[in-house]
Amino acid sequence: MTDLYPNPRCKPERIHGAAHLFVAAGYSIGGLRRLRQETAFRHILLALPVCTLVLALAGATIGDYCLLLILFLALIAAEALNTAIECIVDHLSPHWAEFARDAKDLGSLATMCVIIANGVFIASVVFRALTSGGG
């Protein structure tokens, strides 16, 4: 039988209590390091200051900036999950398979939905500024 895992590691023991928070934060930082390798993530990071500038020019409220940040964090989360799906699918199916295509397409759809939500929000702030005479 072919060994699927050439360098097996022992499963780490469960960590409980406050130490779990630090371990979980470490896992999140590891995920961020991995996500930085993705072009889409780097585009998101470039888009945030551009969108912030658009809001500033439109005379955005503090609530608008908070909502922009929330939407961008949702976009980063969607992109992280999409990247995770792609990693798993590529591992399970190195050759083309319909399930692999479907999984990747669905992950991409999730990301696109959050991008559209960001766009609708920014457009609504700009529209409000244009129709109220502000900005």
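See above for the structure.
What comes next is a walk through the structure. On a predicted model such as this, the values are computed, not experimentally measured, just so you know.

### Things to note about helix α3 (residues 62-92)
Taking 1.5 Å per residue as the helical rise, α3 with its 31 residues ought to reach 45 Å, and the 45 Å between its terminal C-alpha atoms agrees with that figure. The set of residues buried in α3 consists of D64, L68, L71, F72, L75, A78, E79, N82, T83 and V89. Buried residues along α3 sit against α1 (18-35), α2 (39-57) and α4 (98-132).

### Regarding the side chain of N118
Inspection of the secondary structure puts N118 in helix α4. You can call N118 buried: its relative accessible area is 5%. Of note is the side chain of N118, whose polar atom sits 2.8 Å from the backbone oxygen of V114. With sequence-adjacent residues up to four places away left out, N118 is seen in contact with L68, L71, F72 and L75.

### Overview of the environment of L68
Along the chain, the position of L68 falls in helix α3. By relative accessible area, which is 2% here, L68 ends up buried. A sequence separation of 30 residues divides L68 from E98, and the C-alpha atoms of the two residues are 36 Å apart. Leave out the neighbours within four places in its chain, and L68 touches L48, C51, T52, L55, N118, F121 and I122.

### Focus: a nonpolar patch on the surface
Residues L106, L109, M112, I116 and V120 make up a contiguous nonpolar surface patch of roughly 480 Å² in combined accessible area. Along the chain, M112 falls in helix α4. Taking the relative accessible area as the measure of exposure, M112 reaches 44% and is therefore partly exposed.

Definitions and cut-offs
- Residues numbered from 1 in each chain as written.
- Predicted model: local features only at pLDDT ≥ 70, side-chain atom pairs only at ≥ 80, totals over all residues.
- Heavy atoms only, no water.
- Helix = DSSP H or I, 4+ residues; strand = E, 2+ residues; numbered from the N terminus.
- Expected span 1.5 Å × (residues − 1).
- Buried < 20%, exposed > 50% of the residue type's maximum accessible area, 1.4 Å probe, protein only.
- Contact = heavy atoms within 4.5 Å.
- Polar contact = N/O pair within 3.5 Å; in protein donor to acceptor, adjacent residues only side chain to side chain.
- Patch = residues over 30% accessible without salt bridge, like charges linked within 9 Å, V, L, I, M, F, W, Y side chains within 5 Å.
- Areas by Shrake-Rupley, 256 points an atom, 1.4 Å probe, with all protein chains shown as cover.
- Salt bridge = Lys/Arg side-chain N within 4 Å of Asp/Glu carboxyl O.

The values are spatial; any link to function lies outside them.
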